[in-house]
Structures are given as C-alpha cells and as structure tokens.
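A look at the structure
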4 protein chains.
Amino acid sequence: MRKTIIGVMGVGNLATPRDLDNAYQLGQLIAQNGWILLTGGRKAGVMEAANKGAKIAGGLTVGILPGKDTSNLAEDVDIAIITDLGNARNNINVLSSDVIIACGMGAGTASEIALALKNQKKVILLNDNPISKEFFKSLSPEKVLIARNPEQAIVLVKEVLQT
Amino acid sequence: MRKTIIGVMGVGNLATPRDLDNAYQLGQLIAQNGWILLTGGRKAGVMEAANKGAKIAGGLTVGILPGKDTSNLAEDVDIAIITDLGNARNNINVLSSDVIIACGMGAGTASEIALALKNQKKVILLNDNPISKEFFKSLSPEKVLIARNPEQAIVLVKEVLQT
Amino acid sequence: MRKTIIGVMGVGNLATPRDLDNAYQLGQLIAQNGWILLTGGRKAGVMEAANKGAKIAGGLTVGILPGKDTSNLAEDVDIAIITDLGNARNNINVLSSDVIIACGMGAGTASEIALALKNQKKVILLNDNPISKEFFKSLSPEKVLIARNPEQAIVLVKEVLQT
Amino acid sequence: MRKTIIGVMGVGNLATPRDLDNAYQLGQLIAQNGWILLTGGRKAGVMEAANKGAKIAGGLTVGILPGKDTSNLAEDVDIAIITDLGNARNNINVLSSDVIIACGMGAGTASEIALALKNQKKVILLNDNPISKEFFKSLSPEKVLIARNPEQAIVLVKEVLQT
C-alpha cells in the first residue's frame, strides 16, 4: 500500500548553515514518523543534509534527479529516480509529495513552492526570509503554512495529513 | 535562421482587466517588432489576450499547451506545441523565450518567473503587485527588471536582446 | 546507499494471461533477490501483476505514474511517483532502472524498449512475439537480450548487473 | 488559426545517404504544400536535411530540441523549442504533429513511432528496413502506413489530413 511521502525542497550549493541544520533535523523527524523523505536527490545543500538526517534515523529516502544518470546523487538516497528533465523535474517533486516543506529560499525552491500551489498542494515554509512568506501567503493564504523550526514544521505536516 | 521569441506569461481565468489590456498591447508590440510571441497557449486570460493582440498586428504566435490535444487552444495561436506535461511545460515556456515578460501574477506565473531565474534567463515584471517585485528582485537583482507599462516592457526587451 | 532497481515494463489492459503470469513471477523473483521493482504504476495488466508478485514476496515497489494523482495506482505500489507527464514518463521508467525487462508487447512497451536502447540501457525481452525480438535485436544486437521465461530473465539480470 | 504541422522523425549522425535524400525531399514537399515542418531540431542527419529542404522551398520550420540551449540547433530551424527533456521530448514531437513521417530507422525513431501509436496518431514509414515495417504494422495495422518514396509519403499525408 502506498506510503506517505514528505518532500523537503531547498537550496543546493548556496544553502545557509541554518538551512542545513534545519534540513538535517527535518530528515530525522520525517524518518522517525515513519514517512518517506523525498528530495531533489543531488549531493548538495538541503537535499544532501535532509537525506543524511533521514538515514541516521533509519528512514527510507527517494531522490528525484534532474540529470540523466546518478553522477550527482547524494549518498544517502536509497531510491534514485532519474528523470533527465532538468528543472521540469521540480513538478514531479511536488506532485509526488503528500506535503512539501520548503527549507530555505532560492529560485529553484521558489519554483517548487509555486508549482505546488498551482497543483493545489500544501506547502510549509521554513526560512528566515520574511518577503518570501508574505509573497507566497498572498498567492494562496490557505495553502501556505509558516513554521518557525523543524519541530513545528512536523506538527503542521501531521495536521495536513489528517485533513 | 532562428527567430527571436518573446514569452508572455500570465494568469488564465483570474486575469484582471488591466492584465488583459497589458497582454493585448504586449502581443501587438511584439508582433510589430518582428518577434514571435510565445505563450502557454490556452484559451484564457493573458494567453488569449496576448495572442489576439499579436495576430491583429500580423505577428506569428506559438502556444505551448499543457494538455494532450488542442481542445483548449487559444484561437489566435498559429503553432501549437502539444506537450502533455501539465505544469512541467512551464519550464519549456521560459527556456524557449529569449526574454520573458510576466504580465500579472498568480501561482503558475510565479513558477515561470522562478524557473526562468533558475535557468539564468531575464524576466520583465509587469503587474500591480509590489510584494512580487520585491520578492523576485531579492532572488536575482540583475535578472529581474520592472516595467510600468507595455511600452516600457518592450524597451527593456530591446535592451536585453542587445546584450 | 542507492538500491538496485529492476524495471518491468509491459502492457496494461490488453496483457495476455501468459504476460500476467510472467509479470507476477518476475515481481516475486525481483523481490526475492533484494531488488526494488519499478513499473509504470497503473492498476492494470503487467504493472499490477508484477507489483502483486513483489509484495507477496516482501519486496519494495515503485510506480511511476503518468497522471497527476494516484487515482489509477496499483494497490501493491509502495512508492508512487506522480509525474503528470503522460507517455513522456516512459523515459523516466527506463532511465531509473538498472536493467529493464519488457514483459509482453504493445505500443507503450515498444516505446520503453526503444527509449532504453536510445539511452544505452540493456533490455531483456520476455514475450511470444518473434517479430519484436528480431526488430529490436536489429536495432541493438548487444543491448537486447532474449529470455524464454521469468527464471531465465533473472539470470540475465544478474549477468547485466555484474558487468 | 492553428496551422497544420507535419513531423519528420529520423536518425541523426547515423542516417544513410538515402535517408538524407528522402528527408530533404520531404522537407521541400511539406513546405510546398503550405504545411509547417516539425523535427527534433538537431544539426544532424534527417533533422538537418529535412529543415534544409523546407527552407529552400520557403517553408516554416519548428525544431523541438532535447537540450537546454540552442548549441546544437540545425541552421534552417526558424522556431526553436528548447525542452531540456532529453529523449522525453520525443513525445512532444509526435503529439504536436498532425501526421508523422518516420524517415529511416534507429532507436530514437522507433521510440517516436511507438509513442505516436500509443497516442493514437498515424505514422508513415519511409525506410529500407522490412522488419521495422512488419513489426510496427503488427502493433497497429490501421495507424501505420508504408510509403516507397517521399512523393508517396505526401500523398498519404494528404489522405490522413482529410479523414
């Protein structure tokens, strides 16, 4: 039977130390709740940190790669989905996730949040960027939720899953 | 030889009257400059209005459709590209455009702006939404340009094409 | 660490009883070997039968769905990847599989075999259609392997994985 | 109003001299009939030759590129659609064409024929490969048509367009 998938979207090489800490904790918490972690799969930034956290906690991890092989795969990804779609794979990331947590902010992450909203999915924002929160809230007040820390993000995930 | 393509991205059914006016004028001006107009191709909102403007002015129009047939195609599209990719087609919209003009604001449009920036393309924002301008400027100060009206958007397109 | 994925591609509603038997056995054998089963994920034909076999044997299953939700998902899929790409998702099926087994024959399956060969992947054919074997062998003599039954297909998978 | 698009699919670097001659003639004939030529857009083989023929005859040409820029674009393509989808773009090639002509044979071309049939589109085969004709005819007797030369292919295109 289909398992619950929580997507953690975030910045690659330009992730901040805080983003990396948050991503690692999110990975751990997702695994501890018995959910599958889904990320963009690359060996960089939020993707790499979230997968590391999930595997430390014994979870199962899925990576949706933009390229045509596994040359850039994060080590802690169990199941690599190779799309060769470039940034169009961002739409698969959000469609395949029951809930999306956006950890940090950049152009790729913004595209995933916007695609999630376009596809009527809920998104939890976890970042230090007040403009981004104001902007995405204005696009979809009901579908955008704000978390102050990883623990609160997980509380919000549980609320979304129960609705 | 490859022709210059200007993409006009914008809201479908929820476009405002001002967005529709702007889109129509953009379509006209793009055609008058000898450029090809590219849109998301649907018979709604900014897409439909921009195509109408371009055809009135004798231009050539390309529509990149999300569905698997032409059932929802705007009448004034000359060349329909049928992708069956859903919202993943937004990445094709921006990659295929030499310059992107975002006319109005919504989740789909936001995804196109973000994907454009992720792909290192320049985007001209034409809307009444100050938060969106602040947010996207913060993501990429050099790649996001602001226009107050369709004429100014075209001036900016010319500047981008010359660089 | 990344797990080995074996793709089983085959016909949906028009699968023959022999195809369904073969798919069920392939699913079982893939699970018994500790590999992950990947299919097109739909609740029909070879996809459904292979997933059933894999779950009976305690395996892990991945389904790459063409639609935009899980409305047509086979019950025995653990991890649903929702692509909304229509038949373009066939390219993801083959790229994500270490080895592909084509079980039965139809237009969709033929597209997956051809895409696999185009992407330089090995494909094992298991069907009763001699023309298809001759044709695909002619396209790529080294990359197309022929199996007479599920057990032999698994022997060939092992050989490919060791190279 | 939407214009008629005829897709010519074929081999890149491994095209035979006969394939190249046929492609060039097909491009000319398509342009002379007032249709738009659609190809995979690359500067190689059948794609390049068909575009050359179409432009000599004053036609309009569309190229659906697999990469993320125009670095590999055939010179005679007017409208470059940049997909960054790799071989998944083959599905767009066939969906966007009113009729598909497969000129020559290889793994990529075979995938396009199979995807066309899966999408219920008609395909005209023009090649020297009798096994391919037998195989695809067996997949879909009504949707696969056989042409002996470019002129006959165009006669068949006209018949398909009238139905």
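To start, this report covers the structure provided alongside it. (Residues numbered from 1 in each chain as written. Chains lettered and ligands numbered in written order. Predicted model: local features only at pLDDT ≥ 70, side-chain atom pairs only at ≥ 80, totals over all residues. Heavy atoms only, no water.)

So, about the overall build of chain A. For chain A, the count of helices and strands is six helices and seven strands. Reading the secondary structure of chain A in the N-to-C direction produces β-α-β-α-β-β-α-β-α-β-α-β-α. Judged by the C-alpha coordinates and their principal axes, chain A covers about 40 × 35 × 30 Å. Counting every position in chain A, which comprises 163 residues, the buried fraction comes to 66%. Counting contacts in chain A only where the partners sit at least 6 residues apart, residues at least 24 apart contribute 58% of the total. Computing the positive centroid from 17 side-chain charges and the negative centroid from 15, chain A places the two 5 Å apart. (Helix = DSSP H or I, 4+ residues; strand = E, 2+ residues; numbered from the N terminus. Buried < 20%, exposed > 50% of the residue type's maximum accessible area, 1.4 Å probe, protein only. Contact = heavy atoms within 4.5 Å. Lys, Arg positive; Asp, Glu negative; His and termini not counted. Charge placed at Lys NZ, Arg CZ, Asp CG, Glu CD.)

Sheets are built from strands that pair by backbone hydrogen bonding, the pairs being arranged parallel or antiparallel. All names here are of chain B. Taken together, seven strands build an open sheet; the order of strands is E4-E3-E2-E1-E5-E6-E7 and the sheet is parallel. Because the sheet does not close on itself, it has two edges, and the strands there are strand E4 (79-82) and strand E7 (144-146). Averaged over all adjacent pairs, the angle separating strand axes in this sheet is 25°, with direction ignored. Two strands pair when backbone bridges link them, and strand E1 (residues 5-10) and strand E2 (residues 36-39) are joined in this way by three bridges, in the parallel orientation. Bridge pairing in E2 links Ile6 to Leu37. Each of E1, E2, strand E5 (99-103) and strand E6 (123-126) touches helix H1 (residues 17-32); the most contacted strand, E5, lies at about 155° to it. Across the face of the sheet, helix H5 (residues 130-139) comes into contact with E6 and E7 while running at roughly 150° to E7. (Pairing = 2+ DSSP bridges. Axes fitted to C-alpha atoms, helices over the stretch in contact; angles between N-to-C directions.)

Take the packing of helix H4 (residues 107-118) of chain C against helix H4 (residues 107-118) of chain D next. Packing of H4(C) against H4(D) brings their axes to within 8 Å, and their N-to-C directions diverge by 160°. Classified by the interaxial angle, the pair formed by H4(C) and H4(D) is roughly antiparallel. Between H4(C) and H4(D) lies a crossing whose hand is left-handed. Residues C:Ala107, C:Gly108, C:Ala110, C:Ser111, C:Ala114, C:Leu115, C:Leu117 and C:Lys118 of H4(C) form the contact with H4(D), whose own contacting residues are D:Ala107, D:Gly108, D:Ala110, D:Ser111, D:Ala114, D:Leu115, D:Leu117 and D:Lys118. For the contact of H4(C) with H4(D), the class distribution of residues is ten nonpolar, four polar and two charged. (Parallel < 35°, antiparallel > 145°, perpendicular 65-115°, else oblique. Left-handed = near helix turned anticlockwise from the far one by under 90°. Nonpolar A, V, L, I, M, F, W, Y, C, P; charged D, E, K, R; others polar.)

Purely geometric numbers; function is a separate question.
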